[in-house]
Amino acid sequence: MSDRAVLHVKGRVLAGPDDVRDELWVVGGRISYERPAGAREVRTVEGWALPGLVDAHCHVGLDAHGPVDAETAEKQARTDREAGTLLIRDAGSPSDTRWIDDRDDLPKIIRAGRHIARTRRYIRNYAWEIEPDDLVAYVAREARRGDGWVKLVGDWIDRDLGDLSPCWPREAVEAAIAEAHRLGARVTAHCFAESSLRDLVEAGIDCIEHATGLTEDLVPLFAERGVAIVPTLVNIATFPRLADGGDHKFPRWSAHMRRLHERRYDTVRGAYDAGIPVYVGTDAGGSLAHGLVAGEVAELVKAGIPPVEALSATSWGARAWLGRPGLEEGAPADLVVYEADPRADVRVLAAPRRVVLNGHVVE
């Protein structure tokens with residue numbers, strides 16, 4: 001399409017879960033619900049249109065061993081784009097991916113900077129590994145470098161204990177989260193276990209990644225404080241394999257991981273039922289492949305979240321949470337078109353008919 005071309009999307013445009021329109025137009029890369037006058041070229045795409053999907057826990061520029069080169073990072077971003085993910089909250093990466101912002105053919109990224117972890121308490125080559133006295137300074141650094149988010153590692157295996165345990169004392173996270181908020185950034189944390197959650201939430205954290213340790217006694221606290229969770233169920237599915245690998249050396253940790261896995265669906269459904277915001281994230285880019293967003297939505301439905309709400313967790317609701325527009329008048333034309341209504345069957349998300357990014361149909 002040339003700069004003068006107009007894209008006509010017709011069929012059913014899902015501007016919201018109950019806001020269904022017959023058509024939209026893309027003019028100059030932006031959405032309009034008014035037919036443009038005098039268009040010289042018009043290309044028509046038909047089907048069910050959704051805002052570009054959101055993966056709220058993804059790592060572009062990272063693999064199982066640490067940072068990757070730009071060519072690999074581009075392949076990761078393209079894989080996500082082909083799956084319909086057009087907005088990524090990058091939940092921690094040691095790579096500088098700012099160059100992606102200059103590419104109108106790659107998904108938009110909201111960065112949380114680099115993970116901040118306790119010394120020798122996280123995956124090698126991923127994080128800044130520091131001690132509690134330095135936490136405020138590093139949070140401030142990443143708040144200034146990121147796009148409004150900071151990522152902590154809230155818990156990890158303690159080899160002396162032989163199980164998961166919190167990484168930070170309460171006073172350290174209180175001061176760090178307060179500093180991030182002062183600088184206008186929200187804070188999220190990787191948390192598998194139960195024991196780190198209360199301190200983080202009472203300290204004012206905004207989101208918890210994975211949240212497998214969310215228990216009935218903590219649910220009211222999360223709900224009261226409005227703390228969101230991003231369950232990454234496609235990643236939690238790997239817990240049994242991880243546990244098998246640790247049986248000999250860390251049997252207590254292995255048994256704990258299996259328990260967390262076994263109750264994962266109950267955990268997510270209990271959070272949703274209590275009114276805790278739940279969003280879609282895949283944890284792609286570490287040991288997981290990119291492009292798994294449809295599978296994560298299906299997992300949320302399997303956990304008991306109604307299909308329309310699971311869909312919102314990767315579209316309308318997720319975009320509002322991250323402060324980015326959907327299919328609104330004048331918004332950038334980032335949308336995905338499907339053969340059938342994804343509200344009726346979220347499995348439709350696995351096969352986009354057309355992806356439109358910045359007004360251009362991705363071929």
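Structure first, text after, so check above.
A quick note: this is a predicted structure, and the numbers were derived from the prediction, not measured.

Visitor: Could you give me a rundown of the sheet that holds strand β8 (residues 85–90), with the residues and numbers involved?
Guide: Spatially, β5-β8-β9 is the arrangement adopted by the three strands of the open sheet, whose pairing is parallel. Each edge of the open sheet carries a strand with a single partner, namely β5 (53–58) and β9 (108–111). The average angle at which neighbouring strand axes cross in this sheet is 20°, direction not considered. Pairing of β8 with β9, which is carried by four bridges, proceeds in the parallel orientation. Looking at β9, one finds that I88 is bridged to I109.

Visitor: So what about the nonpolar core? Which residues, and what values?
Guide: Ranked by internal contacts, the top residues of the largest apolar core, which has 79 residues, are L135, I205, I208, F222 and L300. If you tally residues by element for this core, the top one is helix α3 (residues 170–182), at five residues. The contact partners of I208, leaving out residues within four places of it in the chain, are T188, A189, C191, L197, L200, F222, V227, A228, I229 and V230. By size, the runner-up hydrophobic cluster in this structure holds 16 residues, among which are V9, A15, A333 and V361.

Visitor: Kindly report on the packing of aromatic side chains, identifying the contributing residues and their values.
Guide: In this description, an aromatic ring pair is defined by two values, namely the gap between the centres and the angle between the planes. This structure, assessed with the given rule, holds seven aromatic pairs. Measuring from ring centre to ring centre gives 4.8 Å for Y122 and W156, while their planes differ by 75°; the resulting arrangement is edge-to-face. Of this pair, Y122 sits in the loop between β10 (116–118) and β11 (128–130) while W156 is found in strand β13 (residues 155–158), placing the two residues 34 residues apart along the sequence. Here Y122 and W156 have matching classes, each one buried. Counting every residue linked through ring pairs, the aromatic cluster contains Y122, Y126, W156, F192 and F239. Stacked on the ring of Y33, the Lys or Arg R21 has its end atom at 4.1 Å from the ring centre. Looking at R141, its charged tip hangs above the ring of W128, at a distance of 4.4 Å from the centre.

Reading the values: the criteria
- Residues numbered from 1 in each chain as written.
- Predicted model: local features only at pLDDT ≥ 70, side-chain atom pairs only at ≥ 80, totals over all residues.
- Heavy atoms only, no water.
- Pairing = 2+ DSSP bridges.
- Helix = DSSP H or I, 4+ residues; strand = E, 2+ residues; numbered from the N terminus.
- Axes fitted to C-alpha atoms, helices over the stretch in contact; angles between N-to-C directions.
- Core = buried A, V, L, I, M, F, W, Y, C linked by side-chain atoms within 4.5 Å.
- Buried < 20%, exposed > 50% of the residue type's maximum accessible area, 1.4 Å probe, protein only.
- Contact = heavy atoms within 4.5 Å.
- Phe/Tyr/Trp six-rings, centres within 6.5 Å; stacked < 30°, edge-to-face > 60°.
- Lys NZ or Arg CZ within 6 Å of the ring centre and 35° of its normal.

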